[in-house]
Amino acid sequence: MIELEQAQARLDARLKTKEKKVCCTIDQAVGCLLAEDVYAPISVPQFCRSGMDGYAVFSADCQTASKDAPVRLPVVDEVLAGDNRLLTGKPGTAVRIMTGAPIPAGYDCVVCQEQTDYGKDTVSIFRPIRKGKNYAMIGEDIKKNDRLLAARTCITPPMLGILASAGIQQVPVIEPLKVAIIATGSELAELGKPLSYGQIYNSNSYTIASYVRSIGGDVVLQTTCGDDADQFVNMLHSIITKVDLVFTTGGVSVGKKDFLPATLEKIGAERLFHKINAKPGTPILASVYKNVPVLSLSGNPFASLVNFHLFFWNTAARLMGNPGFSLKRKQLTVTSGQMAETNIRRFIRAYKTDNGVEIYTKVHQSSVFSNLASSNCVIDQPVKHPITVGDKVDVYYWQDV
Ligand SMILES: Nc1nc2c(c(=O)[nH]1)N[C@H]1C(S)=C(S)[C@@H](COP(=O)(O)OP(=O)(O)OC[C@H]3O[C@@H](n4cnc5c(N)ncnc54)[C@H](O)[C@@H]3O)O[C@H]1N2
Ligand code: MOO
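Everything quoted here is computed from the prediction, not taken from an experiment.

Undergrad: Can you tell me about the overall build of the chain, naming the residues and giving the values?
TA: When helices and strands are tallied, the chain shows six helices and 24 strands. Over its C-alpha trace the chain gives a radius of gyration of 31 Å, far above what one expects of a compact globule, namely 21 Å for 401 residues. If one aligns the C-alpha atoms of the chain with their principal axes, the spans along those axes are about 95 × 50 × 45 Å. Looking at the 401 residues of the chain, the share that counts as buried comes to 49%. Across the chain, contacts joining residues at least 24 apart in sequence account for 69% of those joining residues at least 6 apart.

Undergrad: Pulling in residues and values, what's your account of the layout of surface pockets?
TA: Here the largest pocket defines a volume of roughly 490 Å³. Taken together, 30 residues make up the lining of the largest pocket; nearest its centre are E187, G250, S298, G299 and N300. For the lining of the largest pocket, the secondary structure elements donating two or more residues are strand 12 (178-184), strand 14 (200-201) and helix 6 (301-320). Split by residue class, the lining of the largest pocket holds nine nonpolar, 15 polar and six charged.

Undergrad: Run through the UniProt feature "domain: MoaB/Mog" (unreviewed entry) in the chain, naming residues and quoting values.
TA: Under the feature "domain: MoaB/Mog" (unreviewed entry), the UniProt entry names residues 180-318. Here residues 180-318 is 34% helix and 27% strand, with 18 Å between the C-alpha atoms at its ends.

Undergrad: Go over the sheet that holds strand 22 (residues 357-359) with me, naming the residues and quoting the values.
TA: Sheet architecture is closed into a barrel: five strands sit in the order 20-22-21-23-24, paired in mixed fashion. Each strand of the sheet is rotated relative to its neighbour by a mean of 50 degrees, with strand direction disregarded. With four bridges joining them, strand 23 (residues 377-381) and strand 24 (residues 392-397) adopt antiparallel strand pairing. Looking across to strand 24, one finds that D380 is bridged to D394.

Undergrad: Got a sec to walk through the packing of aromatic side chains? Specific residues and values, please.
TA: Any aromatic ring pair is given by two values, namely how distant the centres are and how the planes are angled relative to each other. Taken as a whole and assessed by the stated rule, the structure comprises 11 aromatic pairs. For the pair F247 and F312, a centre-to-centre distance of 6.0 Å together with 50 degrees between the ring planes defines the contact as tilted. A residue pair is termed long-range when its members are at least 10 positions apart, and F247 in strand 16 (residues 245-249) and F312 in helix 6 qualify at 65 residues. By relative accessible area, F247 is classed as buried at 0%. The exposure class of F312 is buried, given its relative accessible area of 0%. Ring-pair connections join several aromatic residues into one group, and the members of that group are Y211, F247, F308, F312 and W313. Directly above the ring of F126 sits K67, whose terminal nitrogen or CZ lies 4.0 Å from the centroid. Of note, K352 hangs over the ring of Y397, and the distance from its end group to the ring centre comes to 4.5 Å.

Undergrad: Summarise the sheet that holds strand 12; cite the residues concerned and give the values.
TA: Strand order in the open sheet made by the six strands is 15-12-16-19-18-17, with mixed pairing throughout. The open sheet has two free edges, formed respectively by strand 15 (218-225) and strand 17 (270-274), since each of these has just one partner strand. Neighbour-to-neighbour, the strand axes of this sheet turn through a mean angle of 15 degrees, independent of strand direction. Bridge count for strand 17 against strand 18 (residues 285-289) is four bridges, and the pairing is antiparallel. Residue pairing across strands places H274 opposite L285, the latter belonging to strand 18. Seen against the sheet, helix 1 (residues 4-12) touches strand 17 and strand 19 (292-297) and runs at an angle of roughly 160 degrees to strand 17. Against the sheet, helix 3 (residues 204-214) touches strand 12, strand 15, strand 16 and strand 19, its axis set at about 175 degrees to strand 15.

Undergrad: Describe the site of ligand 1, and please don't skip the residues or the numbers.
TA: The environment of ligand 1 is made up of 22 residues, and the closest members are E187, G251, V252, S253 and G299. Here an oxygen atom of ligand 1 and a backbone polar atom of G251 are 3.0 Å apart. Computed on the free molecule, ligand 1 has an accessible area of 860 Å², of which 67% lies beneath the protein chains in the complex. Sorting the residues of the shell around ligand 1 by element identifies strand 12 and strand 14 as the ones contributing at least two each. Residues belonging to the shell around ligand 1 are distributed by class as follows: eight nonpolar, 11 polar and three charged.

Undergrad: Any details on unusual backbone geometry? Residues and values, ideally.
TA: One can expect most non-glycine residues to show negative phi and most peptide bonds to be in trans. Here the amide bond leading from V44 into P45 is cis, since omega sits at -5 degrees, within 30 degrees of zero. Among the structural elements, P45 can be located in the loop between strand 2 (38-39) and strand 3 (49-50). Here the bond from K279 into P280 is cis, since omega is -5 degrees, no more than 30 degrees from zero. Secondary-structure assignment places P280 in the loop between strand 17 and strand 18. Even without being glycine, N291 reaches a positive phi, approximately 70 degrees. Backbone geometry at K384 places phi at a positive 50 degrees, although glycine is not the residue there.

Definitions and limits used
- Residues numbered from 1 in each chain as written.
- Chains lettered and ligands numbered in written order.
- Predicted model: local features only at pLDDT ≥ 70, side-chain atom pairs only at ≥ 80, totals over all residues.
- Heavy atoms only, no water.
- Helix = DSSP H or I, 4+ residues; strand = E, 2+ residues; numbered from the N terminus.
- Rg over C-alpha atoms; globule rule 2.2 N^0.38 Å.
- Buried < 20%, exposed > 50% of the residue type's maximum accessible area, 1.4 Å probe, protein only.
- Contact = heavy atoms within 4.5 Å.
- 1 Å grid on protein atoms, 1.4 Å probe; cavity = no way out; pocket = protein on both sides within 12 Å on 5 of 7 lines; lining within 4 Å.
- Points joined across faces, edges and corners; volume = space filled by probe spheres on them.
- Nonpolar A, V, L, I, M, F, W, Y, C, P; charged D, E, K, R; others polar.
- UniProt positions renumbered as here; feature names shortened; annotations may be inferred.
- Pairing = 2+ DSSP bridges.
- Axes fitted to C-alpha atoms, helices over the stretch in contact; angles between N-to-C directions.
- Phe/Tyr/Trp six-rings, centres within 6.5 Å; stacked < 30°, edge-to-face > 60°.
- Lys NZ or Arg CZ within 6 Å of the ring centre and 35° of its normal.
- Near = heavy atom within 4 Å.
- Polar contact = N/O pair within 3.5 Å; in protein donor to acceptor, adjacent residues only side chain to side chain.
- Areas by Shrake-Rupley, 256 points an atom, 1.4 Å probe, with all protein chains shown as cover.

This is the structure we're talking about:
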């Protein structure tokens, strides 16, 4: 039995950051990590662009303009957004222009139409204007060859916009995290099949799979397996070379059917630790088999979930080279609920709010899962340490999916 932090460190020491790159179209890329720095192939905009609907002019022509003595200029052309003529402006003239349209060469500003009489053939300008006003230079937004995004950046929807605006359709990303999830237990029934007496539906693998997918991970296998060592070993062998991480649930405690520790040992998996000094999820087992970490979580749904959070996020951060995935820890003040002292460190289901953390007041057994709909964190309750309203506590929390 080892402490959580020691167990996390032992696992972390055995993880290698993924380097394999794959090409991804940008509409598939949200949540993926860039494999390389991405540079702008073009400037945005590629032409000098009007920022307002109005008139392109030479600022020098408008210095004396006022409401009482407007400057009057002939309007020699009209340029709309998308106009692809290469025009050159002449001093002493104006061109009617719309937002987003290319400004003819020479004009150095755009008078907003509200500061004119909206003239068609001749425009009256009511105010002086400075050079560069409402005038977007080439590359105002993005300069050609600028670094747009750094390697290992996790791509977000606004970043897709940046890539698209620079005309980039595909990006190299780190191959998504590939995970296998094997829920063990002869009592487990698959969804869609009626339950026989003594059976329960497998729920653990659904929770785990959805968290894996929430960070762009690829669930290569999600299955159940009876309490049968041979069946399990066959399953493991069929998948181990295709994944970066294996989760199993159940079969890690001391019951007659808790076959995983002995089975993994028998096939030569290296044991990193078995059992942590905390509840729920005490019996967690971590191994490395054929260079792939195998995390064997407790079967009880809440214990499985707590084990998952305490080990998955840091593992994902290390394997994907993205510290942003790391398990989040914060000190918060308890605003409601209480816990009596216990003789082992406990993780207490709780709800993190803007003001602090609320302790869930009802059931805390690790076999009870249904109240987790209103939990988004766990409080780390030290051994022999009662908790009450107003106490500062350490909280592990996770992203909403
Ligand atoms: N004599 C002892 N008995 C137990 C001990 C102990 O120290 N001595 N430890 C207890 C603790 S603590 C836990 S936690 C459980 C964990 O046992 P396992 O991780 O080996 O899990 P199982 O026995 O396979 O299952 C426990 C429980 O969870 C249900 N289960 C399993 N898989 C799923 C699934 N995929 N979806 C939903 N529910 C699942 C299973 O039916 C059991 O009810 O052991 C205690 N026993
Ligand atoms: O360690 Mo077990 O997880 O109490 O429930």
